[in-house]
Amino acid sequence: MQSPTKEIFKKYTDPEQFERIIDYDSVSEMWQASVTNDPDTVAIEDDGKRYTYAQIEADVSRLRTVIKSDEKALRVGIYCPNSYDFVRSFLAVTTLGYTAVILPAQLDAMTVFGCTMKYGLDMILYHPSLQENTAITAEKRPDVTLIASDTQGDTLTEMAFPSGDTPCVIMFTGGTTGKSKGALLSNAAVMQGTVNGCYGYRDVFHQRYLLILPLSHVFGLIRNLMTSLYTGSTLFICRNNKDMFRDIAVFRPTILVAVPALAEMALNLSKKFRKNMLGDSLKAIICGAAAVPPYLIKEYHKEFGIMLLPGYGLTESANLVSGNPEYLSKPESVGLLYPNQEYKIVDGELLLKGRNMMSGYVGEEEEGVYDEDGFFRTGDLVRVDDEGFLYITGRIKEIIVLPSGENISPAELEVKFLELSLIQDAQVYEDVTENGTHILALEVVPRMPEIARLGIENIGQHLTAALEKINNTLPTFQRVSRIIIRDSDFERTPSMKIKRYKKC
Amino acid sequence: MLSRAEIFEKLKEILLFADAKNSDLIKNCDESTKLVTDLGFNSVSVLYMVIAIEESFGIVFDNVSMNDFDTIGDVVTYIEGKLK
């Protein structure tokens, strides 16, 4: 099946701005257009300094000179925390037609060295604060050129204009199997991911973005940084998340790109201190990287009139695959598929092919990654409704096969229980009773502020009754046999996802 | 100037909001209660706590790592120092 064309998103965007949403083949083409269209607009605010599009291009062109002086530099590691230096380095590498390999700032010295081997790095542009962690590489790989990211060349070097299929960036991903891999994205893929961030809301160009996500994550790099640069917007780099509300008060962003846990934190703090901590200028929160609770969408709309737009994406798809402009009427959906993709659903799993998809994992076996027609296996179980809206119903590896042979997707059931606003998190899993019977069990974490607000006293009894009511609406084989109300959070992975139980 | 006991009580109220899922544990906590191992704090709840403390006490945290705070008592001591 072909995804819809961009026309399906037309009605959601200001007509004049919609006409300006065009496809570019490379980062260079996009960057040249932004510098030409908005030379004097501030593109980046960081550490008390402002940089216009024209100033950045002048600065980037000097760094291009430094990079180009090393003739072998085709794959360049970018080892910088969120900072202007990251932006400048990324643009310099990619607008030369070279490949940027994003090394997360938290990597230690040995891992940085390991990356030079695994990804065949010719050069690393490192932030001065991380120089210590390049020591092992300096000692063991003298052939890898190490350059501080604030280095300036004496002369200017023009950008190159590579074709769309030229490799652009390698991003780390957990892959669909949980093992860390490097996904190679072409220029066209990065540009499709970038332009996808423009669909589904009214005011797209000349916005004010706040960056709180790491630029080493595809959601931060593509949806936050690249879409901001594409749209002639201004990006404020928040150096420390604890300062985000102070930064918001000063910068007054119009768009925030955030994971659900941060969006929920901001909502709860706003309620506690009885003021909108996100500021009066904020119009939209682009929310993803984890399941977005419908409760959050409704609360943001009700309390502050802010659009919380859920979406779905993968590192392998250059971030966004779909986004939901009908967030109020279909809050459980991750939205409409963006243009230039083909998809199929095989045994419930979403398979993708298209301009935004990666060229492959670097240095990894490709067995099982693609199907016989070259479609990428996402590992996500989905359904699509009559109007083309996509819903994530689970992950393949999480599927529970009951002794009866029936397949249960825990995520699909959890969504049902999470419709109850009194529930913050839920986990459905398979357990075995004392007499050896396999059962489905449900554990939930209550949403205490909501419970306090409603003055509920006997929490366990109240929640169990409410959950039982939902349980009884499910087909018999999907019903849980045990409900546990937790008084503490679930154990979580470093990326804040719930660690799933493996009891059988 | 708030007394140490007053800071502790005010902090408890913040912790209840920062991680309301652990309300029973927090209600019964003392200064030796550990944020991560006893209360199961994660990076978001720690961030939440820091921001709420700044708002409530009118102080600004330095760029300290949250690993600097093992127990609730450590946080009380930090706030006490900032209020002086």
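Scoring rules and cut-offs
Residues numbered from 1 in each chain as written. Chains lettered and ligands numbered in written order. Predicted model: local features only at pLDDT ≥ 70, side-chain atom pairs only at ≥ 80, totals over all residues. Helix = DSSP H or I, 4+ residues; strand = E, 2+ residues; numbered from the N terminus. Rg over C-alpha atoms; globule rule 2.2 N^0.38 Å. Buried ≥ 20, exposed ≤ 12 C-beta atoms within 10 Å, placed from the backbone. Contact = placed C-beta atoms within 7 Å. Nonpolar A, V, L, I, M, F, W, Y, C, P; charged D, E, K, R; others polar. Pairing = 2+ DSSP bridges. Axes fitted to C-alpha atoms, helices over the stretch in contact; angles between N-to-C directions. Parallel < 35°, antiparallel > 145°, perpendicular 65-115°, else oblique. Core = buried A, V, L, I, M, F, W, Y, C linked by C-beta atoms within 7 Å.

A. Local environment of the overall build of chain A. The secondary structure content of chain A amounts to 14 helices and 25 strands. For a compact globule of 504 residues, the expected C-alpha radius of gyration is about 23 Å, and chain A comes in at 23 Å, within 12% of that figure. Seen through its C-alpha atoms, chain A measures out along the principal axes to roughly 75 × 50 × 45 Å. When the 504 residues of chain A are sorted by exposure, 49% land in the buried category. Considering only contacts in chain A between residues 6 or more positions apart, those separated by 24 or more positions represent 64%.

B. Representation of unusual backbone geometry. Residues and elements named next belong to chain A. A positive phi is found at Asp47, a non-glycine position, where the angle reads about 55°. Position of Asp47 relative to the elements: it lies in the loop between strand 1 (42-46) and strand 2 (49-52). When the 9 C-beta atoms within 10 Å are taken as the criterion, Asp47 is described as exposed. Backbone geometry at Asp347 places phi at a positive 50°, although glycine is not the residue there. Topologically, Asp347 is positioned in the loop between strand 16 (341-346) and strand 17 (349-354).

C. The arrangement of the interface of chain A and chain B in detail. Contact with chain A, which involves 21 residues of that partner, is made by 19 residues of chain B. Elements with a contribution of two residues or more to the side of chain A that touches chain B: helix 10 (260-272), strand 24 (438-446) and helix 13 (448-454) of chain A. Per-element accounting of the side of chain A that touches chain B gives the leading share, 6 residues, to helix 10 of chain A. Residues that form the side of chain A that touches chain B fall into these classes: 11 nonpolar, 5 polar and 5 charged.

D. Structural view of the sheet that holds strand 23 (residues 423-432) of chain A. All names here are of chain A. Pairing in this open sheet of 3 strands is mixed, and the strands run 23-24-25 from one edge to the other. The open sheet terminates on both sides in strands that have one partner only, identified here as strand 23 and strand 25 (482-485). Averaged over all adjacent pairs, the angle separating strand axes in this sheet is 20°, with direction ignored. Where helix 12 (residues 410-418) meets the sheet, its contacts fall on strand 23 and strand 24, and the angle it forms with strand 23 comes to roughly 140°. This element, helix 14 (residues 459-471), spans strand 24 and strand 25 of the sheet and lies at about 140° to strand 25.

E. Spatial organisation of the pairing of strand 2 of chain A. All names here are of chain A. Pairing geometry for strand 1 and strand 2, over 4 bridges, is antiparallel. Within the sheet, the bridge partner assigned to Asp46 lies in strand 2 and is Lys49. In this antiparallel pair of consecutive strands, strand 1 and strand 2, the connection spans 2 residues, and Asp47 shows a positive phi of 55°.

F. Seen up close, the sheet that holds strand 6 (residues 145-148) of chain A. Strands sit in the order 6-5-3-4-7-8-18 (chain A) across an open sheet of 7 strands; the sheet is mixed. Only two strands of the sheet have a single partner each, and these edge strands are strand 6 and strand 18 (360-361) of chain A.

G. Looking closely at the environment of Leu352 of chain A. Residue and element names in this part refer to chain A. Along the chain, Leu352 turns up in strand 17. Sequence spacing of Leu352 and Ser317 is 35 residues, and the spatial spacing of their C-alpha atoms is 8.5 Å. Discounting chain neighbours no more than four positions away, the residues touching Leu352 are Ser317, Val321, Gln341, Tyr343, Met357, Phe375, Phe376 and Thr378.

H. Seen up close, the packing of helix 7 (residues 187-196) of chain A against helix 8 (residues 218-230) of chain A. Residue and element names in this part refer to chain A. At a minimum axis separation of 8 Å, helix 7 and helix 8 run at an interaxial angle of 85°. Overall, the two elements helix 7 and helix 8 adopt an arrangement that is roughly perpendicular. Contact residues: helix 7 offers Val190, Gly193, Thr194 and Val195, while helix 8 offers Ile222, Met226, Thr227 and Tyr230. A breakdown of the residues in the contact of helix 7 with helix 8 according to their chemical character gives 5 nonpolar, 3 polar and no charged.

I. Quick peek at the pairing of strand 17 of chain A. Residues and elements named next belong to chain A. Here strand 16 runs beside strand 17; their pairing, made up of 6 bridges, is antiparallel. Bridging from a neighbouring strand, Ile345 pairs with Leu350 of strand 17. Pairing between strand 17 and strand 19 (residues 376-384): 3 bridges, direction antiparallel. By the bridge assignment for strand 19, Leu351 is matched with Arg377.

J. Highlighting the nonpolar core. All names here are of chain A. In terms of nonpolar packing, the biggest core is built from 158 residues, with Ile78 and Leu308 touching the most fellow members. With residues up to four places along the chain from it excluded, the contact list for Leu308 reads Ala263, Ile285, Cys287, Leu296, Ile297, Tyr300 and Tyr327. By size, the runner-up hydrophobic cluster in this structure holds 15 residues, among which are Leu418, Ala426, Val428 and Leu442.

K. Just the environment of Val382 of chain A, in detail. Residue and element names in this part refer to chain A. Along the chain, Val382 falls in strand 19. Residue class for Val382 comes out partly exposed when judged on the 19 C-beta atoms lying within 10 Å of it. The spacing of Val382 and Glu16 is 366 residues in sequence and 34 Å in space, taken between C-alpha atoms. Sequence-distant contacts of Val382, that is, excluding residues within four places in its chain, are made with Ile345, Leu350, Leu390, Tyr391, Ile392 and Thr393.

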